[in-house]
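Breakdown of the fold
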Amino acid sequence: MAGEENRVVLHGTRVSLYSARVELALKVKGIEYELVEEDLMNKSEALLRFNPVHKKVPVLVHNGKPIAESLVIIEYIDENWKEGPRLLPQDPYERAKVRFWAGFLHQQLFEATASVIKTDGESQERAVKEVHEKLKMLEEGIKGSYPGGSPFVNGDNMGLLDIVVCSLFGPHKVQEEVLGVKFLDPEKHPRVTSWVKALNELPLVKEVTPPHEKLVGALQCFRNRALESAAA
Amino acid sequence: MDGVKLHGVWASPFSTRVIWALKLKGIPFDYVEEDLSNKSASLLRYNPVHKKIPVLVHGGRPVCESMVIVEYLEEAWPQFPLLPSDPHERAVARFWVKFIEDKSLNVWIAGRSAGEEQEKPMRDSSEMLAILEEHGPNKGKKFFGGDSINIVDIAFGGVAYWMRVIEEVSGGKMFDAAKLPRLNAWMANFESSPVIAKNLPDRGKLRDYFVPVRAKILSSSTSK
(Lines give C-alpha, C1' and ligand atoms only; values in the text may rest on other atoms or scores of the structure.)
Protein backbone atom coordinates (compact mmCIF):
# COMPACT_ATOMS: atom_id res chain seq x y z
CA MET A 1 0.00 0.00 0.00
CA ALA A 2 1.48 3.36 -1.01
CA GLY A 3 0.53 5.24 2.19
CA GLU A 4 -1.43 8.39 1.56
CA GLU A 5 -0.93 8.20 -2.20
CA ASN A 6 -4.29 8.45 -3.98
CA ARG A 7 -6.18 7.67 -0.80
CA VAL A 8 -9.53 9.45 -0.61
CA VAL A 9 -11.11 9.81 2.81
CA LEU A 10 -14.32 11.65 3.54
CA HIS A 11 -14.94 12.80 7.10
CA GLY A 12 -18.70 13.19 7.24
CA THR A 13 -22.02 11.75 8.17
CA ARG A 14 -25.02 10.83 6.05
CA VAL A 15 -27.44 12.86 8.14
CA SER A 16 -25.54 16.00 7.14
CA LEU A 17 -26.82 17.39 3.86
CA TYR A 18 -23.42 18.92 3.16
CA SER A 19 -21.64 15.62 3.62
CA ALA A 20 -24.26 13.87 1.45
CA ARG A 21 -23.44 16.30 -1.36
CA VAL A 22 -19.81 15.24 -1.40
CA GLU A 23 -20.69 11.52 -1.34
CA LEU A 24 -22.96 12.03 -4.32
CA ALA A 25 -20.19 13.81 -6.22
CA LEU A 26 -17.69 11.03 -5.46
CA LYS A 27 -20.19 8.38 -6.55
CA VAL A 28 -21.09 10.18 -9.78
CA LYS A 29 -17.38 10.25 -10.65
CA GLY A 30 -16.93 6.63 -9.62
CA ILE A 31 -14.18 7.49 -7.14
CA GLU A 32 -13.37 4.96 -4.44
CA TYR A 33 -13.36 6.50 -1.00
CA GLU A 34 -13.45 5.70 2.68
CA LEU A 35 -16.19 7.30 4.76
CA VAL A 36 -15.13 8.16 8.29
CA GLU A 37 -18.48 8.51 10.04
CA GLU A 38 -18.19 11.47 12.40
CA ASP A 39 -20.29 11.88 15.51
CA LEU A 40 -21.16 15.57 15.41
CA MET A 41 -21.51 15.65 19.20
CA ASN A 42 -18.05 14.13 19.61
CA LYS A 43 -15.86 15.13 16.70
CA SER A 44 -12.68 13.21 15.99
CA GLU A 45 -9.30 14.75 16.68
CA ALA A 46 -8.49 14.24 13.01
CA LEU A 47 -11.50 16.30 11.90
CA LEU A 48 -10.54 19.17 14.20
CA ARG A 49 -7.01 19.05 12.84
CA PHE A 50 -8.16 18.94 9.21
CA ASN A 51 -10.67 21.76 9.56
CA PRO A 52 -9.39 24.07 12.29
CA VAL A 53 -11.30 27.08 10.94
CA HIS A 54 -14.83 25.65 11.03
CA LYS A 55 -14.40 22.29 12.81
CA LYS A 56 -17.20 20.91 10.61
CA VAL A 57 -17.99 18.12 8.20
CA PRO A 58 -17.53 17.42 5.39
CA VAL A 59 -13.78 17.35 4.94
CA LEU A 60 -12.23 15.48 2.04
CA VAL A 61 -8.70 14.26 2.61
CA HIS A 62 -6.88 13.34 -0.59
CA ASN A 63 -3.22 12.30 -0.58
CA GLY A 64 -3.20 13.40 3.05
CA LYS A 65 -4.27 16.97 2.18
CA PRO A 66 -7.61 18.25 3.55
CA ILE A 67 -10.26 20.31 1.78
CA ALA A 68 -13.33 21.77 3.47
CA GLU A 69 -16.63 23.37 2.26
CA SER A 70 -18.92 21.08 0.29
CA LEU A 71 -19.12 23.18 -2.90
CA VAL A 72 -15.36 23.78 -2.90
CA ILE A 73 -14.82 20.03 -2.49
CA ILE A 74 -17.13 19.24 -5.41
CA GLU A 75 -15.26 21.67 -7.70
CA TYR A 76 -12.00 20.07 -6.57
CA ILE A 77 -13.33 16.61 -7.36
CA ASP A 78 -14.37 17.76 -10.82
CA GLU A 79 -11.01 19.41 -11.56
CA ASN A 80 -8.82 16.70 -10.13
CA TRP A 81 -10.54 13.68 -11.67
CA LYS A 82 -11.00 14.66 -15.28
CA GLU A 83 -12.11 11.18 -16.39
CA GLY A 84 -15.69 10.29 -15.68
CA PRO A 85 -18.81 12.43 -15.92
CA ARG A 86 -18.43 16.21 -15.52
CA LEU A 87 -19.94 17.80 -12.44
CA LEU A 88 -19.76 21.28 -13.96
CA PRO A 89 -20.16 22.24 -17.62
CA GLN A 90 -17.09 23.11 -19.70
CA ASP A 91 -18.24 26.48 -21.01
CA PRO A 92 -17.34 29.44 -18.71
CA TYR A 93 -20.76 31.08 -19.10
CA GLU A 94 -22.59 27.84 -18.28
CA ARG A 95 -20.26 27.39 -15.28
CA ALA A 96 -21.13 30.91 -14.11
CA LYS A 97 -24.85 30.02 -14.31
CA VAL A 98 -24.31 26.88 -12.22
CA ARG A 99 -22.28 28.81 -9.62
CA PHE A 100 -24.89 31.56 -9.46
CA TRP A 101 -27.76 29.14 -8.82
CA ALA A 102 -25.72 26.95 -6.48
CA GLY A 103 -24.92 30.12 -4.52
CA PHE A 104 -28.59 31.14 -4.46
CA LEU A 105 -29.64 27.71 -3.22
CA HIS A 106 -26.79 27.39 -0.75
CA GLN A 107 -27.10 30.86 0.78
CA GLN A 108 -30.65 32.11 0.30
CA LEU A 109 -32.81 29.01 0.16
CA PHE A 110 -30.80 27.14 2.76
CA GLU A 111 -30.97 30.12 5.16
CA ALA A 112 -34.72 30.36 4.71
CA THR A 113 -35.38 26.63 5.27
CA ALA A 114 -33.06 26.65 8.31
CA SER A 115 -35.20 29.47 9.75
CA VAL A 116 -38.33 27.33 9.35
CA ILE A 117 -36.60 24.48 11.17
CA LYS A 118 -35.35 26.65 14.03
CA THR A 119 -38.53 28.64 14.75
CA ASP A 120 -42.19 28.21 15.55
CA GLY A 121 -45.36 30.28 15.72
CA GLU A 122 -45.40 33.56 13.85
CA SER A 123 -41.65 33.56 13.16
CA GLN A 124 -42.00 30.20 11.49
CA GLU A 125 -44.94 31.40 9.40
CA ARG A 126 -42.82 34.30 8.14
CA ALA A 127 -39.93 31.95 7.41
CA VAL A 128 -42.18 29.59 5.45
CA LYS A 129 -43.43 32.51 3.39
CA GLU A 130 -39.83 33.41 2.59
CA VAL A 131 -39.05 29.86 1.46
CA HIS A 132 -42.03 29.91 -0.86
CA GLU A 133 -40.99 33.27 -2.32
CA LYS A 134 -37.45 32.05 -2.92
CA LEU A 135 -38.68 28.77 -4.42
CA LYS A 136 -40.75 30.83 -6.82
CA MET A 137 -37.58 32.76 -7.80
CA LEU A 138 -35.81 29.45 -8.33
CA GLU A 139 -38.71 28.17 -10.42
CA GLU A 140 -38.65 31.28 -12.62
CA GLY A 141 -34.88 31.27 -12.77
CA ILE A 142 -34.65 27.65 -13.87
CA LYS A 143 -37.29 28.37 -16.50
CA GLY A 144 -35.13 31.24 -17.81
CA SER A 145 -31.71 29.65 -17.46
CA TYR A 146 -32.62 26.15 -18.61
CA PRO A 147 -35.54 26.50 -21.04
CA GLY A 148 -35.20 22.88 -22.17
CA GLY A 149 -35.79 21.63 -18.64
CA SER A 150 -33.70 21.31 -15.49
CA PRO A 151 -29.93 20.85 -15.82
CA PHE A 152 -30.34 17.18 -14.93
CA VAL A 153 -32.85 16.55 -17.65
CA ASN A 154 -30.46 18.17 -20.11
CA GLY A 155 -27.44 16.10 -19.16
CA ASP A 156 -26.78 12.42 -18.57
CA ASN A 157 -25.70 12.51 -14.96
CA MET A 158 -26.08 14.54 -11.81
CA GLY A 159 -24.05 17.73 -11.79
CA LEU A 160 -23.22 20.19 -9.02
CA LEU A 161 -26.56 21.99 -9.23
CA ASP A 162 -28.53 18.72 -9.14
CA ILE A 163 -26.50 17.64 -6.12
CA VAL A 164 -27.26 20.88 -4.25
CA VAL A 165 -31.00 20.76 -5.04
CA CYS A 166 -31.13 17.12 -4.05
CA SER A 167 -29.40 17.73 -0.73
CA LEU A 168 -31.74 20.61 0.14
CA PHE A 169 -35.12 19.35 -1.00
CA GLY A 170 -34.60 15.65 -1.59
CA PRO A 171 -35.65 15.03 2.04
CA HIS A 172 -38.81 17.13 1.62
CA LYS A 173 -41.03 14.34 3.00
CA VAL A 174 -38.91 14.29 6.15
CA GLN A 175 -39.20 18.07 6.40
CA GLU A 176 -42.98 17.90 5.93
CA GLU A 177 -43.35 15.27 8.64
CA VAL A 178 -41.23 17.05 11.23
CA LEU A 179 -42.29 20.62 10.48
CA GLY A 180 -45.90 20.08 9.40
CA VAL A 181 -45.11 22.40 6.52
CA LYS A 182 -44.95 21.76 2.78
CA PHE A 183 -42.11 23.41 0.90
CA LEU A 184 -42.55 22.01 -2.59
CA ASP A 185 -45.89 22.67 -4.26
CA PRO A 186 -46.29 20.90 -7.63
CA GLU A 187 -48.65 23.62 -8.78
CA LYS A 188 -46.56 26.62 -7.72
CA HIS A 189 -43.17 24.99 -8.40
CA PRO A 190 -43.75 22.38 -11.13
CA ARG A 191 -40.20 22.40 -12.49
CA VAL A 192 -38.45 22.24 -9.13
CA THR A 193 -40.86 19.58 -7.83
CA SER A 194 -40.42 17.31 -10.85
CA TRP A 195 -36.65 17.89 -10.76
CA VAL A 196 -36.45 16.79 -7.11
CA LYS A 197 -38.70 13.81 -7.78
CA ALA A 198 -36.50 12.65 -10.66
CA LEU A 199 -33.35 13.02 -8.54
CA ASN A 200 -34.82 11.02 -5.66
CA GLU A 201 -35.43 8.11 -8.05
CA LEU A 202 -31.73 7.77 -8.88
CA PRO A 203 -29.99 4.68 -7.43
CA LEU A 204 -26.97 6.81 -6.41
CA VAL A 205 -29.21 9.10 -4.37
CA LYS A 206 -30.95 6.16 -2.71
CA GLU A 207 -27.51 4.74 -1.82
CA VAL A 208 -26.51 7.75 0.28
CA THR A 209 -29.89 8.54 1.80
CA PRO A 210 -30.39 7.17 5.33
CA PRO A 211 -33.74 5.54 6.18
CA HIS A 212 -36.68 7.93 6.55
CA GLU A 213 -37.05 7.33 10.30
CA LYS A 214 -33.40 8.10 10.94
CA LEU A 215 -33.64 11.41 9.08
CA VAL A 216 -36.89 12.28 10.88
CA GLY A 217 -35.16 11.61 14.22
CA ALA A 218 -32.12 13.68 13.30
CA LEU A 219 -34.18 16.63 12.07
CA GLN A 220 -36.46 16.52 15.11
CA CYS A 221 -33.42 16.49 17.38
CA PHE A 222 -31.85 19.42 15.55
CA ARG A 223 -35.11 21.38 15.73
CA ASN A 224 -35.62 20.68 19.42
CA ARG A 225 -32.09 21.85 20.28
CA ALA A 226 -32.54 25.01 18.21
CA LEU A 227 -35.90 25.84 19.83
CA GLU A 228 -34.46 25.21 23.30
CA SER A 229 -31.46 27.44 22.79
CA ALA A 230 -33.66 30.18 21.30
CA ALA A 231 -35.91 30.05 24.39
CA ALA A 232 -32.92 30.05 26.77
CA MET B 1 -20.63 41.44 -30.39
CA ASP B 2 -18.16 40.30 -27.80
CA GLY B 3 -17.82 43.51 -25.79
CA VAL B 4 -17.72 43.61 -22.02
CA LYS B 5 -19.92 45.96 -20.04
CA LEU B 6 -19.97 46.35 -16.26
CA HIS B 7 -23.00 47.78 -14.44
CA GLY B 8 -21.78 49.06 -11.09
CA VAL B 9 -21.75 51.76 -8.45
CA TRP B 10 -18.48 53.62 -7.73
CA ALA B 11 -18.94 53.28 -3.96
CA SER B 12 -19.64 49.55 -4.02
CA PRO B 13 -16.97 47.12 -2.83
CA PHE B 14 -18.62 44.45 -4.99
CA SER B 15 -18.39 46.26 -8.32
CA THR B 16 -14.89 47.48 -7.38
CA ARG B 17 -13.76 43.87 -6.98
CA VAL B 18 -14.84 43.21 -10.56
CA ILE B 19 -13.02 46.32 -11.78
CA TRP B 20 -9.83 45.06 -10.10
CA ALA B 21 -10.11 41.71 -11.88
CA LEU B 22 -10.82 43.37 -15.24
CA LYS B 23 -7.90 45.78 -14.87
CA LEU B 24 -5.44 43.14 -13.62
CA LYS B 25 -6.28 40.98 -16.61
CA GLY B 26 -6.18 43.94 -18.99
CA ILE B 27 -9.71 43.29 -20.28
CA PRO B 28 -11.22 46.33 -22.02
CA PHE B 29 -14.73 47.15 -20.82
CA ASP B 30 -17.45 49.78 -20.81
CA TYR B 31 -18.73 50.96 -17.47
CA VAL B 32 -22.31 51.91 -16.64
CA GLU B 33 -22.78 53.78 -13.35
CA GLU B 34 -26.14 52.77 -11.88
CA ASP B 35 -28.29 54.94 -9.65
CA LEU B 36 -29.52 52.58 -6.93
CA SER B 37 -32.55 54.74 -6.27
CA ASN B 38 -33.47 54.53 -9.94
CA LYS B 39 -32.16 51.29 -11.38
CA SER B 40 -31.91 51.03 -15.14
CA ALA B 41 -34.30 48.80 -17.06
CA SER B 42 -31.26 46.88 -18.33
CA LEU B 43 -30.07 46.12 -14.79
CA LEU B 44 -33.48 44.80 -13.77
CA ARG B 45 -33.61 42.68 -16.90
CA TYR B 46 -30.06 41.34 -16.43
CA ASN B 47 -30.43 40.54 -12.73
CA PRO B 48 -34.10 39.78 -12.07
CA VAL B 49 -33.30 37.59 -9.05
CA HIS B 50 -31.36 40.10 -6.93
CA LYS B 51 -31.81 43.37 -8.87
CA LYS B 52 -28.31 44.33 -7.73
CA ILE B 53 -24.99 45.44 -9.07
CA PRO B 54 -22.49 44.38 -10.16
CA VAL B 55 -23.63 42.75 -13.36
CA LEU B 56 -21.11 41.91 -16.05
CA VAL B 57 -22.52 41.65 -19.55
CA HIS B 58 -20.34 39.81 -22.07
CA GLY B 59 -21.56 39.42 -25.62
CA GLY B 60 -25.02 40.41 -24.39
CA ARG B 61 -25.13 37.70 -21.67
CA PRO B 62 -25.25 38.73 -18.00
CA VAL B 63 -23.21 37.29 -15.13
CA CYS B 64 -24.18 38.27 -11.56
CA GLU B 65 -22.58 38.13 -8.09
CA SER B 66 -19.10 39.66 -7.76
CA MET B 67 -17.09 36.52 -7.02
CA VAL B 68 -19.01 34.46 -9.62
CA ILE B 69 -18.08 37.22 -12.10
CA VAL B 70 -14.41 37.10 -11.05
CA GLU B 71 -14.33 33.31 -11.57
CA TYR B 72 -15.97 33.81 -14.97
CA LEU B 73 -13.32 36.35 -15.97
CA GLU B 74 -10.64 33.93 -14.78
CA GLU B 75 -12.01 31.15 -16.99
CA ALA B 76 -12.73 33.25 -20.06
CA TRP B 77 -9.47 35.26 -20.02
CA PRO B 78 -6.46 33.19 -18.94
CA GLN B 79 -3.90 36.03 -18.74
CA PHE B 80 -2.83 37.19 -15.27
CA PRO B 81 -4.22 34.08 -13.54
CA LEU B 82 -6.18 34.77 -10.37
CA LEU B 83 -6.20 31.14 -9.27
CA PRO B 84 -3.28 28.72 -8.94
CA SER B 85 -3.06 25.82 -11.38
CA ASP B 86 -2.77 23.02 -8.80
CA PRO B 87 -6.25 21.63 -7.92
CA HIS B 88 -5.56 21.46 -4.17
CA GLU B 89 -4.26 25.03 -4.06
CA ARG B 90 -7.29 26.16 -6.06
CA ALA B 91 -9.52 24.50 -3.49
CA VAL B 92 -7.68 26.28 -0.68
CA ALA B 93 -8.15 29.63 -2.47
CA ARG B 94 -11.86 28.98 -3.03
CA PHE B 95 -12.25 27.96 0.62
CA TRP B 96 -10.92 31.36 1.71
CA VAL B 97 -13.07 33.24 -0.80
CA LYS B 98 -16.11 31.50 0.65
CA PHE B 99 -14.94 32.20 4.20
CA ILE B 100 -14.55 35.89 3.40
CA GLU B 101 -17.92 36.07 1.63
CA ASP B 102 -19.77 34.37 4.50
CA LYS B 103 -18.09 36.17 7.41
CA SER B 104 -17.91 39.63 5.86
CA LEU B 105 -21.72 39.86 6.04
CA ASN B 106 -21.06 40.90 9.64
CA VAL B 107 -19.09 43.92 8.43
CA TRP B 108 -22.03 45.17 6.36
CA ILE B 109 -24.45 44.45 9.22
CA ALA B 110 -22.19 46.45 11.58
CA GLY B 111 -22.37 49.32 9.10
CA ARG B 112 -26.16 49.25 9.20
CA SER B 113 -26.61 48.95 12.97
CA ALA B 114 -25.88 50.85 16.15
CA GLY B 115 -25.52 50.39 19.91
CA GLU B 116 -26.28 46.93 21.26
CA GLU B 117 -27.27 45.55 17.87
CA GLN B 118 -23.87 46.44 16.52
CA GLU B 119 -21.90 44.59 19.18
CA LYS B 120 -22.21 41.04 17.87
CA PRO B 121 -21.49 41.82 14.19
CA MET B 122 -18.44 43.83 15.30
CA ARG B 123 -17.17 40.95 17.43
CA ASP B 124 -17.82 38.45 14.62
CA SER B 125 -15.97 40.69 12.17
CA SER B 126 -12.97 40.86 14.51
CA GLU B 127 -13.07 37.08 14.80
CA MET B 128 -13.01 36.77 11.00
CA LEU B 129 -9.91 38.98 10.94
CA ALA B 130 -8.20 36.95 13.68
CA ILE B 131 -8.77 33.74 11.72
CA LEU B 132 -7.44 35.24 8.50
CA GLU B 133 -4.43 36.57 10.38
CA GLU B 134 -3.61 33.14 11.72
CA HIS B 135 -4.74 30.74 8.99
CA GLY B 136 -4.95 32.74 5.76
CA PRO B 137 -3.00 31.24 2.82
CA ASN B 138 0.58 32.15 1.93
CA LYS B 139 1.56 33.42 5.37
CA GLY B 140 4.85 35.30 5.15
CA LYS B 141 4.22 36.33 1.56
CA LYS B 142 3.13 39.69 0.25
CA PHE B 143 -0.37 38.62 -0.75
CA PHE B 144 -2.83 35.78 -0.09
CA GLY B 145 -1.91 34.78 -3.64
CA GLY B 146 1.80 34.63 -2.76
CA ASP B 147 3.95 37.05 -4.74
CA SER B 148 1.05 38.33 -6.80
CA ILE B 149 -2.57 39.26 -6.22
CA ASN B 150 -5.10 36.47 -6.61
CA ILE B 151 -8.81 35.87 -6.11
CA VAL B 152 -8.50 35.76 -2.31
CA ASP B 153 -6.83 39.19 -2.25
CA ILE B 154 -9.58 40.56 -4.48
CA ALA B 155 -12.28 39.12 -2.22
CA PHE B 156 -10.69 40.45 0.95
CA GLY B 157 -9.72 43.78 -0.59
CA GLY B 158 -13.42 44.46 -1.12
CA VAL B 159 -13.93 43.99 2.62
CA ALA B 160 -10.79 45.47 4.20
CA TYR B 161 -10.82 48.87 2.48
CA TRP B 162 -14.53 49.42 3.18
CA MET B 163 -14.22 48.16 6.74
CA ARG B 164 -12.21 51.21 7.70
CA VAL B 165 -14.77 53.54 6.16
CA ILE B 166 -17.50 51.73 8.08
CA GLU B 167 -15.49 52.11 11.29
CA GLU B 168 -15.24 55.86 10.73
CA VAL B 169 -18.88 56.27 9.82
CA SER B 170 -20.32 54.02 12.54
CA GLY B 171 -17.81 54.68 15.29
CA GLY B 172 -17.00 51.06 16.00
CA LYS B 173 -13.67 49.24 15.92
CA MET B 174 -13.16 46.00 14.09
CA PHE B 175 -9.58 46.19 12.82
CA ASP B 176 -7.05 46.30 15.66
CA ALA B 177 -3.75 46.85 13.83
CA ALA B 178 -1.71 45.94 16.92
CA LYS B 179 -3.29 42.47 17.01
CA LEU B 180 -3.18 41.98 13.22
CA PRO B 181 0.38 42.64 12.02
CA ARG B 182 0.05 40.32 9.07
CA LEU B 183 -3.20 41.82 7.79
CA ASN B 184 -1.85 45.30 8.44
CA ALA B 185 1.14 44.57 6.19
CA TRP B 186 -1.17 42.94 3.65
CA MET B 187 -3.31 46.09 3.44
CA ALA B 188 -0.30 48.27 2.76
CA ASN B 189 0.91 45.86 0.05
CA PHE B 190 -2.50 45.52 -1.56
CA GLU B 191 -3.48 49.18 -1.54
CA SER B 192 -0.12 50.33 -2.89
CA SER B 193 0.12 47.75 -5.65
CA PRO B 194 -0.06 49.53 -9.03
CA VAL B 195 -3.41 48.43 -10.50
CA ILE B 196 -5.24 48.47 -7.18
CA ALA B 197 -3.91 51.88 -6.15
CA LYS B 198 -5.31 53.41 -9.34
CA ASN B 199 -8.73 51.85 -8.73
CA LEU B 200 -9.52 52.58 -5.10
CA PRO B 201 -12.42 54.97 -4.49
CA ASP B 202 -11.38 58.00 -2.41
CA ARG B 203 -11.84 57.32 1.35
CA GLY B 204 -13.21 60.78 2.04
CA LYS B 205 -15.75 60.49 -0.75
CA LEU B 206 -16.78 57.03 0.47
CA ARG B 207 -17.29 58.41 3.96
CA ASP B 208 -19.44 61.24 2.59
CA TYR B 209 -21.43 58.70 0.59
CA PHE B 210 -22.08 56.30 3.48
CA VAL B 211 -22.91 58.80 6.23
CA PRO B 212 -26.39 59.62 4.85
CA VAL B 213 -26.92 56.00 3.71
CA ARG B 214 -26.34 54.79 7.29
CA ALA B 215 -28.48 57.57 8.77
CA LYS B 216 -31.37 56.66 6.48
CA ILE B 217 -31.16 52.95 7.36
CA LEU B 218 -31.00 53.63 11.10
CA SER B 219 -33.92 56.06 11.05
CA SER B 220 -36.12 53.73 9.03
CA SER B 221 -35.38 50.79 11.33
CA THR B 222 -36.24 52.73 14.49
CA SER B 223 -39.46 54.09 13.06
CA LYS B 224 -41.03 50.59 12.86
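Relevant structure appears above.
Before going into details, it helps to say that this report is about the structure given with it.

About the cut-offs
Residues numbered from 1 in each chain as written. Chains lettered and ligands numbered in written order. Predicted model: local features only at pLDDT ≥ 70, side-chain atom pairs only at ≥ 80, totals over all residues. Heavy atoms only, no water. Helix = DSSP H or I, 4+ residues; strand = E, 2+ residues; numbered from the N terminus. Expected span 1.5 Å × (residues − 1). Buried < 20%, exposed > 50% of the residue type's maximum accessible area, 1.4 Å probe, protein only. Contact = heavy atoms within 4.5 Å. Buried area = accessible area lost by both parts, 1.4 Å probe. Salt bridge = Lys/Arg side-chain N within 4 Å of Asp/Glu carboxyl O. Polar contact = N/O pair within 3.5 Å; in protein donor to acceptor, adjacent residues only side chain to side chain. Nonpolar A, V, L, I, M, F, W, Y, C, P; charged D, E, K, R; others polar. Pairing = 2+ DSSP bridges. Axes fitted to C-alpha atoms, helices over the stretch in contact; angles between N-to-C directions. Phe/Tyr/Trp six-rings, centres within 6.5 Å; stacked < 30°, edge-to-face > 60°. Lys NZ or Arg CZ within 6 Å of the ring centre and 35° of its normal. Parallel < 35°, antiparallel > 145°, perpendicular 65-115°, else oblique. Left-handed = near helix turned anticlockwise from the far one by under 90°.

**Considering helix α5 (residues 121-145) of chain A**
The end-to-end C-alpha distance of α5(A) is 36 Å, a good match for the 36 Å that 25 residues give at a rise of 1.5 Å each. Looking at α5(A), one finds that the buried residues are Gln124(A), Ala127(A), Val128(A), Val131(A), Lys134(A), Leu135(A), Leu138(A), Glu139(A), Gly141(A), Ile142(A) and Ser145(A).

**Structural notes on the environment of Pro85(A)**
Residue and element names in this part refer to chain A. Tracing the backbone shows Pro-85 in the loop between α3 (70-80) and α4 (92-118). Given a relative accessible area of 30%, Pro-85 falls into the partly exposed group. Remark: the alpha-carbon pair of Pro-85 and Ala-25, spanning 60 residues in sequence, is separated by 9.9 Å. Aside from chain neighbours lying at most four places away, what touches Pro-85 is Val-28, Lys-29, Asp-78 and Asn-157.

**Things to note about the interface of chain B and chain A**
Facing the 24 residues of chain B at the interface are 26 residues of chain A. When chain B packs against chain A, the two sides together hide about 2300 Å² of surface, and 68% of this comes from carbon and sulfur. Three residues, Val49(B), His88(B) and Phe95(B), lead the burial of chain B against chain A; their summed loss comes to 25% of the area buried on that side. Seen at the junction of chain B and chain A, the total is seven salt bridges. Where Arg90(B) meets Glu79(A), a salt bridge forms, and the shortest distance between an N and an O atom there is 2.8 Å. Along the contact surface separating chain B from chain A lie eight residue pairs in polar contact (both at pLDDT 80 or more). Sorting the residues of the side of chain B that touches chain A by element identifies β4 (61-64), α3 (66-76), α4 (87-103) and α6 (115-135) of chain B as the ones contributing at least two each. Looking at side-chain class alone, the side of chain B that touches chain A contains 13 nonpolar, three polar and eight charged residues.

**Description of the sheet that holds β4(B)**
All names here are of chain B. Here four strands make up an open sheet; going across it, the order is β2-β1-β3-β4 and the pairing mixed. Two strands bound the open sheet, and with one partner strand each, they are β2 (30-33) and β4. Across the sheet, the mean angle separating the axes of adjacent strands is 20° when strand polarity is ignored. Two strands pair when backbone bridges link them, and strand β1 (residues 4-8) and strand β3 (residues 55-58) are joined in this way by four bridges, in the antiparallel orientation. Within the sheet, the bridge partner assigned to Lys-5 lies in β3 and is Val-57. Helix α1 (residues 13-24) rests against β1, β2 and β3 of the sheet, and its axis sits at about 155° to β1.

**What to know about the packing of aromatic side chains**
Applying the stated criterion across every chain, the model contains 17 aromatic pairs over all chains. Their ring planes at 80° and their centres at 5.5 Å tell us that Trp101(A) and Phe104(A) sit as a pair that is edge-to-face. Here Trp101(A) and its partner Phe104(A) are both found in helix α4, three residues apart, which amounts to about one turn of the helix. In this structure Phe104(A) comes out as buried when scored by relative accessible area, which is 2%. Look at Tyr161(B) and Trp162(B): their rings are 5.5 Å apart centre to centre, the planes differ by 75°, and that puts the pair in the edge-to-face class. Accessibility expressed as a relative area gives 1% for Trp162(B), which makes it buried. Grouping aromatic residues by their ring pairs yields a cluster made of Trp20(B), Phe144(B), Phe156(B), Trp186(B) and Phe190(B). Here Arg49(A) stacks its cationic end above the ring of Phe50(A), 5.2 Å away from the centre of that ring. Looking at Lys97(A), its charged tip hangs above the ring of Tyr146(A), at a distance of 4.9 Å from the centre.

**Digging into the packing of α1(B) against helix α7 (residues 151-170) of chain B**
Residues and elements named next belong to chain B. Taken N-terminus to C-terminus, the directions of α1 and α7 make an angle of 135°; their axes are 9 Å apart at the nearest point. Taken together, α1 and α7 sit at an angle that is classed as oblique. The two elements α1 and α7 cross, and the hand of that crossing is right-handed. Note on element contacts: α7 touches α1 through Ile-154, Ala-155, Gly-157, Gly-158, Val-159 and Trp-162, opposite Pro-13, Thr-16, Arg-17, Trp-20, Ala-21 and Leu-24. Split by residue class, the contact of α1 with α7 holds eight nonpolar, three polar and one charged.

**Details of the pattern of salt bridges**
Here the structure, examined in full by the defined rule, presents 30 salt bridges over all chains. Where Glu71(B) meets Arg99(A), a salt bridge forms, and the shortest distance between an N and an O atom there is 3.5 Å. You can see Glu71(B) sitting in helix α3 and its partner Arg99(A) sitting in helix α4, one on each of two chains. Each of the two residues, Glu71(B) as well as Arg99(A), counts as buried. In this structure, Lys129(A) engages Glu133(A) in a salt bridge whose closest nitrogen and oxygen atoms are separated by 4.0 Å. Linking Lys129(A) with Glu133(A), this pair stays in helix α5, spanning four residues, or about one helical turn. Taken together, the salt bridges that share partners define one network made up of Glu75(A), Glu79(A), Arg95(A), Arg99(A), Glu71(B), Glu75(B), Arg90(B) and Arg94(B).

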